[in-house]
Amino acid sequence: MIGKGVRGLAPLAPLLVLSACMQAPNIKPLPRPAASVRPIVQTPPERSSESLALESYYARVQNDLLGNELLRTDGGGPDTPFNARQLAANFEAIALNDEYTSVNGQFVAQKTPSNLHRWQVPVRVGLEFGATVSPEIRAKDEATVNHFVAQLARATGHSITRSSQPNFHVLVLNENERRAIGPQLSEMIPGIGQDAIRSVVNMPRSSYCLVVASDPDDDGAYQSAVAIIRAEHPDLLRKSCFHEEIAQGLGLANDSPYARPSIFNDDEEFALLTRHDELLLRILYDRRLAPGMRPDTARPIATEIAYELMGEDI
């Protein structure tokens, strides 16, 4: 997906994918006499002026959204009713369409019909940080992702866990770290392609976060994904990026202006996954559906499931 100010999942062309995990090397100091050993104080790298400016900018963005009663965290309520017909229509719009397509080497916003995509293999989520990301942000994000991964596993009934050997990499990076991430993306998803790498490296300020998912056999089954989260975001905006990017990386690739209450809507009304969104995930991972199903085949099955979940008659 590209962005939260502009959000959507960017599917890759068929490739052979191997997932990898970035790890810091183990460096052992030479032995020294005990009397001469002194504690080593490591000074964290300095952030760039661009990163600091973005931090101020996104703080203003979050304040403006909250001032307009957006970024809701209540999951919806009496003011956001929906029925089975709406749930089925939203599933079709979000799960059976792509929001972005590659045009002349760049991903651009262009809604296109898509076969159903989801994971068949267990999803192993890894959370990795750039060197300049503070310990405070790391601790908050670890708690956010741990809780959210458990929520997604319950909603989908699929195996989704935290792992030190991930096939779904979630990278929290400041500006200069993101601009330099291209070679590591190629290691995480061999064959990722320069158009996808450019979408990450050249992310405009209007794109809050993104996710790229890989279907190497071109059969609708994701096997690897990378989500990019801006570390400059204030807490709620960063948390909302985790929610949307990881959820979209599970197969809900599009956004819809009619989906409510939902994070799959660019109006920013909701910051966190809602009950409506959990039902979309439950439909997506229902065994009656399968990766690679064409929209005409998946649509009536998804509609039947939506009516069952809502306790309504078709």
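Residues numbered from 1 in each chain as written. Predicted model: local features only at pLDDT ≥ 70, side-chain atom pairs only at ≥ 80, totals over all residues. Heavy atoms only, no water.

1. So, the pairing of strand β5 (residues 123-129)
- Most of β5 is tucked away: 6 of the 7 residues are buried.
- Examined bridge by bridge, β5 and strand β6 (residues 160-162) share 3 bridges and lie parallel to one another. Bridge pairing in β6 places V125 opposite R162.
- As paired elements, β5 and strand β7 (residues 168-173) share 5 bridges and run parallel to each other. Paired with V125 across the strands is F168, a residue of β7. (Buried < 20%, exposed > 50% of the residue type's maximum accessible area, 1.4 Å probe, protein only. Helix = DSSP H or I, 4+ residues; strand = E, 2+ residues; numbered from the N terminus. Pairing = 2+ DSSP bridges.)

2. Focus on the packing of aromatic side chains
- Within the structure shown, the criterion is met by 4 aromatic pairs.
- Aromatic pair Y58 and Y208: ring centres 5.8 Å apart, planes at 75°, arrangement edge-to-face. Placement of the pair is Y58 in helix α1 (residues 49-67) and Y208 in the loop between α6 (194-201) and β8 (209-214), with a sequence separation of 150 residues. Taken as a pair, Y58 and Y208 share a single burial class, namely buried.
- Between W119 and F168, the aromatic rings sit 6.0 Å apart at their centres with planes inclined by 15°, giving stacked as the arrangement. In this pair, W119 sits in strand β4 (residues 118-119) while F168 sits in strand β7, placing the two residues 49 residues apart along the sequence. Of the two residues, W119 and F168, neither departs from the other in class, the shared state being buried. (Phe/Tyr/Trp six-rings, centres within 6.5 Å; stacked < 30°, edge-to-face > 60°.)

3. Quick word on the state of the cysteines
- Summed over the entire model, instances satisfying the criterion amount to 1 disulfide.
- Linked covalently through their sulfurs, C209 and C241 form a disulfide whose S-S length is 2.2 Å. Linking C209 and C241, the disulfide has an S-S dihedral of approximately -80° and is accordingly described as left-handed. Of the two residues, C209 is situated in strand β8 and C241 in helix α7 (residues 235-248); the sequence distance between them amounts to 32 residues.
- Judged by its relative accessible area of 0%, C209 is buried. (Disulfide = S-S within 2.5 Å.)

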